[in-house]
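# Geometric and topological summary
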2 protein chains.
Amino acid sequence: MDNKVKDCADSAAKLVMAAKGEIKADLVIKNAKYLNVFTGEVNSGDIAICGGKIAGIGSYSGIEEIDVGGSGIFTAGLCDGHMHIESTQLTPEEFAVCCMPYGTSVVIADPHEIVNVCGIDGARYMARAAARTPLEVKLMLPSCVPSTAFETSGAVIGADEIAKEIKDPLFYGLGEMMNYPGVVNCDSSTLQKIAASACCGKVVDGHSPSLTGKELAAYISTGIKTDHECATWQEAAERVSMGMYVHLRHGSASHELAKLAPAVNGYNYRRFLLCTDDRHADDLITEGHINNALRVAVKCGIPAAQAVAMATLNAAECYNLKGKGAIAPGYDADLALFDNLTDFNCKLAIKGGKVVAKDGKALFKPVKMFDKCVKDTVHMREVTPDNFIIKLNGTHARVMGIEGGSLVTKNTVCEVASCGGDVDIKGTDILKVAVVERHHTTGNIGLGLIKGYGLKGGAIAISVGHDSHNITAIGDDNVALARAVNELKRIGGGMALVNGDKVYSHPLEVAGLMSGASAKEHVAASHDLAEKAYAMGVDRQFDAFITLSFLSLAVIPELRVTDRGLFDVNKFAFTDINA
Amino acid sequence: MDNKVKDCADSAAKLVMAAKGEIKADLVIKNAKYLNVFTGEVNSGDIAICGGKIAGIGSYSGIEEIDVGGSGIFTAGLCDGHMHIESTQLTPEEFAVCCMPYGTSVVIADPHEIVNVCGIDGARYMARAAARTPLEVKLMLPSCVPSTAFETSGAVIGADEIAKEIKDPLFYGLGEMMNYPGVVNCDSSTLQKIAASACCGKVVDGHSPSLTGKELAAYISTGIKTDHECATWQEAAERVSMGMYVHLRHGSASHELAKLAPAVNGYNYRRFLLCTDDRHADDLITEGHINNALRVAVKCGIPAAQAVAMATLNAAECYNLKGKGAIAPGYDADLALFDNLTDFNCKLAIKGGKVVAKDGKALFKPVKMFDKCVKDTVHMREVTPDNFIIKLNGTHARVMGIEGGSLVTKNTVCEVASCGGDVDIKGTDILKVAVVERHHTTGNIGLGLIKGYGLKGGAIAISVGHDSHNITAIGDDNVALARAVNELKRIGGGMALVNGDKVYSHPLEVAGLMSGASAKEHVAASHDLAEKAYAMGVDRQFDAFITLSFLSLAVIPELRVTDRGLFDVNKFAFTDINA
């Protein structure tokens, strides 16, 4: 018998004795009320914790005791069922500092963004960084790197590499399979990625917006288990009826939870989870995390006992998180104390039996790591103003039209003047948009025109560009565009704004995606830059920087720019700017 | 990438095409109604099956089609959440022939009885025999061999062997941990067995009759996940509230389902399963199997959608049965068609996409195997009448009192006459009871006295004796006792009855536990023997043979006989027959 088994049996003996009250528990939460997700009832008692696990609930005394005097209600630590930590633009360490005071204990994280920049090394960095905190980050192996064949990403991960990597215990499963057309059309590489995961018994996350009927059945039949992309409650109900777990999403840009709530009932609630998917740092620090999703769920009429099960037990069942998701003997001592089951303000967070946050403040302070593999990820030559010249053959051009509140761009045709071999956009509401490849020094620059954004007298640029994270820039002046892009090269990725001669920037030095600063500093710096952009005329209906991050997303209609050129999503082919 | 992944991807492609209706499915059940366990609703459509899996439900055509014309309701194949196949006294092959026409598709089987006789080889035999049938038998590794230290079993399986064997994919988990005093008292070998299972991520079944409060918390804290021994709905509710799955049992001797039903509600139903534990062949062939438990559950007021979930989806979740428990795309095509959700008469059973039973008849006929390792398991010398002499010191003796409908025996003191160095029981209602060791030719014979059974003029014996399965005999005559026991030696185990000069027997030639005959033949033969026993005066309140099988069970109060002697369960020690 190996020592691991012996140690495990010794720990069990201690837990048994603590459960019986024969020895003092390490920690006892005296006079606690808690939501029992097995019964849906609020129970009370002293919660005895020993060796990081719950020994029992009843009348106990401990070496350490915290008397909560019957105030508030404990739940098990909350789980975000699907998210990309990179979207917070915070490092995993900083994200943990922000989310744990809200009662988050586990996140199912798909490091899709960083792996598109740095390859699998990016995922390993995320794991190592998260390991410096008490937060449990269960990584999914990104399935779609790159997301499309129409742009240049930092890494390419094929079916063979997926088959190899998915066996690594680091990965809990296969990340969201966004290539739903590939699945439904039997693309062999796509099906092999799924099969490789199924063969080693791992969960496969889905992403199947708008699929329905037989195509949805086809998608699910491959073993894809979850979806977080439902836009209507009918879509959610259809997915649940076909055996999927559905994540009710309440992120920053996307929050369908309220729309989907009517799909939940007392019989099927076990098949729903909560997630944020993409959550910006400012929303995180002002509104909260999964506790905020719980607040919204309960406000939408989902009974608290069902909503809490979604954020705890259901997530544990869906993702095979052993020992997670409930307050009961033998379960991990991951607990969150909320003021009540309506407001979900977290007063105390306990992880593995240790108090990790109190009254909204994390009690741990991880030393951040900056792995070589995720630093200096902007690999490109300096650009020059000439790189941004757009020479039209005639008087009309294809122009992207954008509107606030939607990721969809319009494919419009406008009359555009030219002068000296370049478009002449001065005095119009049309701007240049450029996507500059920044991974392999290819020199690729895709150019296009955009209207509606509203910047005057300069340029704005960011190195976060879904999903390949090249540099996207918008401007009305070639010199300013070149300056903005070169500033991002200089600072190793981030956000830049050029106003006349002035250059402002804020680095996202980790893979060009995440800031090494604290959440507060990062939010302040990016707000400051954004305000400067609004002062230059950017329409306030848009998030000044994040709007740029989606202009290269070649899977959402209608017109996009990637580093390889202008792309017509409806035709699923590159197109000519000359209309 | 290995070929398994490639093959799996190829199968997925075929399933995807079938789901889309682009190719004909292998089999389509036209115009089917089915209970959707994700929604609790009855849905309808054509169920398309391809490569043994469900492709989709909608409008489909298949290479083969079965039109059920909207009659009846399909559920996923049923799962018995906990049982001992040996208790049917049928081989695994014959058991499959009997249970699959009732819609059973998977059984979680603890081969506790045969492993007590033959060791791990017995479990392997069960697996090989079951593999000759379409029934999926998921074996649990017996945790308590022997069950107590007070009798001689065929095998002893310690913590080291458990730690080794539990890694074998043959075993789905650790079988019911009956040694609950050992758990609660931190017996290191017991805790190591549980720890070894936990360390390789396998389920541990429980067995904790009457434990409550802190002792129950202690038992559960070790990671034990299920219990099927609840006697009251309050016990069931307490276990569910502490995170256990509770099996609602409806076997032959024990059927608590009706008593436990009040513990189930719409919120917690996900934490309940159905099981039979021990089901005799005659009940199996006359009443049914898990479909009968469903019938009882619904009669007790449990909504059909909840009851069916217990027998399908809940079992799949509790035991990590991937692809089981629902009718949905990608799930295994294990289906049962019932007349309705009240009577649960099974009309058609499909396993892995093949029709395996129709109108109560199995369509497969396995060729039974008789492994050497499970044959000739009666290892003992012939006994003589002198072996059954009971010499008292005085006029009073300790006597077991038995009553119908209870396994509990009374520890009574009676005046018993002696004559010629042996007790003289002629003309009284007291009989001799003997337990003869039959595994290792030790010559051990435990002797006692019993009253209430009612046999006159002979002896009765059986080689099924929980849990070590030595030979138990009752009689009023030393010659008859010796004959009955020697008859079992001659036939390699089974049941025997001696009436004066006549010897009748029915072999249980597989490990002395199971008959090689068909269920019908076996039931007829055992009924015939039992009737002969009743004709000799056995009180009809007792099952003539099965009553003997529990007389050596040294964990149930009050007085027992094992091959090592008379045992006082309340004192948990051997005792003297002289009172």
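Report follows, based on the coordinates. (Residues numbered from 1 in each chain as written. Chains lettered and ligands numbered in written order. Predicted model: local features only at pLDDT ≥ 70, side-chain atom pairs only at ≥ 80, totals over all residues. Heavy atoms only, no water.)

## Re the overall build of chain A
Just so we agree on the cut-off: The helix count covers DSSP runs of H or I at least four residues long, the strand count covers runs of E at least two residues long, and both are numbered beginning at the N terminus. The size measure is the radius of gyration over C-alpha atoms, and the globule rule it meets is 2.2 Å times the number of residues to the 0.38 power. The cut-offs for exposure are 20% and 50% of the maximum accessible area for each residue type, with area from a 1.4 Å probe on protein chains only; residues under the lower value are buried, those over the upper are exposed, and the others partly exposed. The contact definition used throughout considers only heavy atoms, calling two residues in contact when any of these lie within 4.5 Å. With residues, only the protein chains shown are counted as cover, and all accessible areas are computed by Shrake-Rupley using a 1.4 Å probe. His is not counted, nor are the chain ends; Lys and Arg add positive charge and Asp and Glu add negative charge. Every charge is mapped to an atom, namely NZ of Lys, CZ of Arg, CG of Asp or CD of Glu.
The number of helices and strands found in chain A is 17 helices and 30 strands. Taking 579 residues into account, the globule formula puts the C-alpha radius of gyration at 25 Å, and chain A, at 25 Å, falls close to it. With the principal axes as the frame, chain A shows a C-alpha extent of 90 × 50 × 50 Å. Within chain A, the fraction of its 579 residues that count as buried is 64%. For chain A, the proportion of contacts with a sequence separation of at least 24, taken over those separated by at least 6, is 69%. Total accessible area on chain A is roughly 19300 Å²; 51% of this is exposed by carbon and sulfur atoms. Of the charged side chains in chain A, 56 are positive and 68 negative, and the gap between their average positions amounts to 3 Å.

## Some points on the relation of the copies chain A and chain B
Rule in force here: A least-squares fit on C-alpha atoms brings the copies together, and the residues used are those whose pLDDT is at least 70 in both copies.
Structural alignment of chain A on chain B gives an RMSD of 0.1 Å, achieved by rotating through 180° and translating 0.0 Å along the axis. What the rotation and shift describe, once combined, is the action of a two-fold rotation axis. No C-alpha of chain A approaches the rotation axis more nearly than that of Gly266(A), which lies at 3.2 Å. Same-surface contact between copies: 99% of interface residues of chain A are shared with the interface of chain B.

## Focus on the sheet that holds strand β23 (residues 445-451) of chain A
Hydrogen bonds between backbone atoms are what pair the strands of a sheet, whose relative direction is either parallel or antiparallel. All names here are of chain A. We count it as follows: Strands qualify as paired when DSSP identifies two bridges or more between them. Interaxial angle, 0 to 180 degrees, is taken between N-to-C directions of lines fitted to C-alpha atoms, where a helix line uses only the stretch in contact.
Overall, mixed pairing links the 8 strands, which are arranged β19-β18-β23-β22-β25-β24-β26-β27 in an open sheet. Each end of this open sheet is capped by a strand with a single partner; those strands are β19 (409-415) and β27 (502-507). With direction set aside, neighbouring strand axes in the sheet form an average angle of 25°. Judged from the 4 bridges that link them, strand β24 (residues 458-462) and strand β25 (residues 471-475) form a sheet pairing that is antiparallel. Within the sheet, the bridge partner assigned to Ile460 lies in β25 and is Ile474. Relative to strand β26 (residues 494-499), helix α15 (residues 478-491) is tilted by about 150°, and along the sheet it contacts β22 (430-436), β24, β25, β26 and β27.

## Section: the pairing of strand β14 (residues 335-338) of chain A
Residues and elements named next belong to chain A. What you see with β14 is no split at all: Leu335 and Leu337 on one side and Ala336 and Phe338 on the other are buried throughout. Bridge count between strand β5 (residues 73-76) and β14: 4 bridges; the pairing is antiparallel. In the strand pairing of β14, Thr75 is matched with Ala336. As judged from the 4 bridges shared by β14 and strand β15 (residues 346-351), these two strands associate in the antiparallel manner. Across the sheet, residue Phe338 finds its bridge partner in β15, namely Cys346.

## Let's talk about the sheet that holds strand β28 (residues 559-562) of chain A
Residues and elements named next belong to chain A. Taken in spatial order, the 3 strands line up as β28-β29-β30 in an open sheet, and their pairing is antiparallel. Both edges of this open sheet fall to β28 and β30 (573-574), since each of them pairs with a single strand only. With 4 bridges connecting them, β28 and strand β29 (residues 565-568) associate as antiparallel partners. Looking at the pairing, Leu559 lines up with Asp568 of β29.

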